[in-house]
Amino acid sequence: MQVFYCFIVGLFLCSFQTNAQTCCSGGVPISNSLGLPIINKNAIQFNVSYDYNNLSTLVQDKERIDDDSRTRVTQTTMLQLGIGLSPKWSIEMLVPYIKQSRRIVQLVNEDFVSTSGLGDVSTLISYSFLKPLSTVSFSGGIGLKAPTGSINNKNNQGIVLNADMQPGTGAWDVFSLLRFVSPFGSRKNINFYSNVILSHKGVNQDYQPDLGYKFGDEQQVTIGVNAQGLAFKSLWNIGLGARLRNVNSNQINKQIVGSTGGHWVLGTANLSHWILPNKTSINLTTDIPLLVSVSGLQNVPTYRINLSFYSVLDLKKKE
């Protein structure tokens, strides 16, 4: 067990660099939503979620600036569909629809931009390293994000918006995922969970003539505790955790883009109500930044709220 924890920490520290980027194109809610549970063969699961990410905090390096002249909001609606291929293998797809808005006030002038559209579609194949129905779960996955989202949205003056305001990235990305869940000591209704997400971003060669744009590679480690119990004659889950997040610098033709990037420590909390025990649930999740360090002057997340509906269906024919 100690080797596993060292492996998680090592993955994060080895990829931790001094420059990074902030949230863009729905990147944070999408990466956090990847990885549905491993399910039985001939079973199907789906998750529909709405994610509201408010970026109204202005930070210069590590110092918070008391200025509300720059605000930004990302709203993402996501549909996830997963299928059990075998007792150990499963596959899922995530389709996002992204709406972003940005407001900048300078003296008496206000610049407001809003854009929306289909985002990049992700596919993930997962494998369970342990026996099915084991009390401890350890799985990994590898996935691909296709450049299906729009990258040519324009403002009111007909000018193409910057890459960070587009619903898509225009690039193929590869990502990997490790997940671990274990009962907390002898308490079977309390679980310790951890996951690692590593994402390698591709290059958008169509950004501008002779210019290629690359969003920064991303690394995340999440740890937490989740408890299950009865309340109001219903089954509930409640969890608390923390996430470490780093995203490397954006690049144009391999040159670093200024004022992009940051390292975060975020507090996370979740609450789930099981409509059907272990089959169908309504889930509420929130993130609050605890520590932030960015490169240059940036808007960073103030808070994030995610509301989702999850259900799994067993399609196995009765004998």
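Predicted model, so just to flag it, every value in this text is computed and none were measured.

A short note on the nonpolar core
Now for step 1: Counting nine residues, the largest nonpolar core is built from I30, L34, M78, L94, I98, L124, F175, L177 and I197.
Now for step 2: Elements represented by at least two residues in this core include exactly β5 (89-106) and β9 (173-184).

Details of a nonpolar patch on the surface
Now for step 1: A grouping of V48, L79, I238, L271, I275, L276, I282, L284, I305, L307 and F309 is seen on the molecular surface, where their side chains present a nonpolar patch of about 910 Å² in accessible area.
Now for step 2: Elements represented by at least two residues in the nonpolar patch include exactly β17 (262-276), β18 (280-294) and β20 (303-314).
Now for step 3: Among the secondary structure elements, I275 is positioned in strand β17.

Brief notes about the packing of aromatic side chains
Now for step 1: Here the structure, examined in full by the defined rule, presents nine aromatic pairs.
Now for step 2: Ring geometry for F138 and F180: centres 6.3 Å apart, planes at 75°, overall edge-to-face. One end of the pair, F138, is in strand β8 (residues 137-146); the other, F180, is in strand β9, and 42 residues separate them in sequence.
Now for step 3: A relative accessible area of 21% places F138 in the partly exposed class.
Now for step 4: Overall, F180 belongs to the buried group, its relative accessible area being 5%.
Now for step 5: In this structure an aromatic cluster arises from ring pairing among W89, Y127, F129, F138, F180 and F192.
Now for step 6: Positioned above the aromatic ring of W264, the side-chain terminus of R245 is 4.8 Å from the ring centre.

With respect to the side chain of S128
Now for step 1: Considering the arrangement of structural elements, one finds S128 in strand β7 (residues 121-128).
Now for step 2: Given the relative accessible area of 9%, S128 is considered buried.
Now for step 3: The residues contacting S128, other than those within four sequence positions of it, are I38, K88, F138 and S139.

Quick notes on the sheet that holds strand β19 (residues 297-300)
Now for step 1: One open sheet accounts for three strands, arranged β3-β2-β19; its pairing is antiparallel. At either end of the open sheet lies a strand with only one pairing partner, and these are β3 (63-65) and β19. Strand-to-strand twist of the sheet, defined as the mean angle between neighbouring strand axes without regard to direction, takes the value 40°.
Now for step 2: Direction of pairing for strand β2 (residues 57-60) relative to β19: antiparallel, over a ladder of four bridges. Directly across from Q60, in β19, lies its bridge partner L297.

What to know about the pairing of strand β6 (residues 109-118)
Now for step 1: The pairing of β5 with β6 spans ten bridges and is antiparallel. Considered in β6, the bridge of Q106 is made with N109.
Now for step 2: With antiparallel pairing between neighbouring strands as the criterion, β5 and β6 make up a hairpin whose turn holds two residues, including L107 at a positive phi of roughly 55°.

Things to note about the pattern of salt bridges
Now for step 1: The final tally for this structure, using the stated rule, is eight salt bridges.
Now for step 2: A salt bridge links R72 to D164, with the shortest nitrogen-to-oxygen separation between them at 3.1 Å. With R72 in strand β4 (residues 70-84) and D164 in the loop between β8 and β9, this residue pair connects regions lying 92 residues apart in the sequence.
Now for step 3: Looking at D164, the relative accessible area reads 23%, which means it is partly exposed.
Now for step 4: E218 is the salt-bridge partner of R245, the closest N and O atoms lying 3.0 Å from each other. On the criterion of sequence distance, the pair formed by R245 in strand β14 (residues 234-247) and E218 in strand β13 (residues 218-231) is long-range, its members being 27 residues apart. Each member of the pair, R245 together with E218, is buried.
Now for step 5: Each of D51, R243, D287 and R304 takes part in a single network of salt bridges with overlapping partners.

Parameters at a glance
- Residues numbered from 1 in each chain as written.
- Predicted model: local features only at pLDDT ≥ 70, side-chain atom pairs only at ≥ 80, totals over all residues.
- Heavy atoms only, no water.
- Core = buried A, V, L, I, M, F, W, Y, C linked by side-chain atoms within 4.5 Å.
- Buried < 20%, exposed > 50% of the residue type's maximum accessible area, 1.4 Å probe, protein only.
- Helix = DSSP H or I, 4+ residues; strand = E, 2+ residues; numbered from the N terminus.
- Patch = residues over 30% accessible without salt bridge, like charges linked within 9 Å, V, L, I, M, F, W, Y side chains within 5 Å.
- Areas by Shrake-Rupley, 256 points an atom, 1.4 Å probe, with all protein chains shown as cover.
- Salt bridge = Lys/Arg side-chain N within 4 Å of Asp/Glu carboxyl O.
- Phe/Tyr/Trp six-rings, centres within 6.5 Å; stacked < 30°, edge-to-face > 60°.
- Lys NZ or Arg CZ within 6 Å of the ring centre and 35° of its normal.
- Contact = heavy atoms within 4.5 Å.
- Pairing = 2+ DSSP bridges.
- Axes fitted to C-alpha atoms, helices over the stretch in contact; angles between N-to-C directions.

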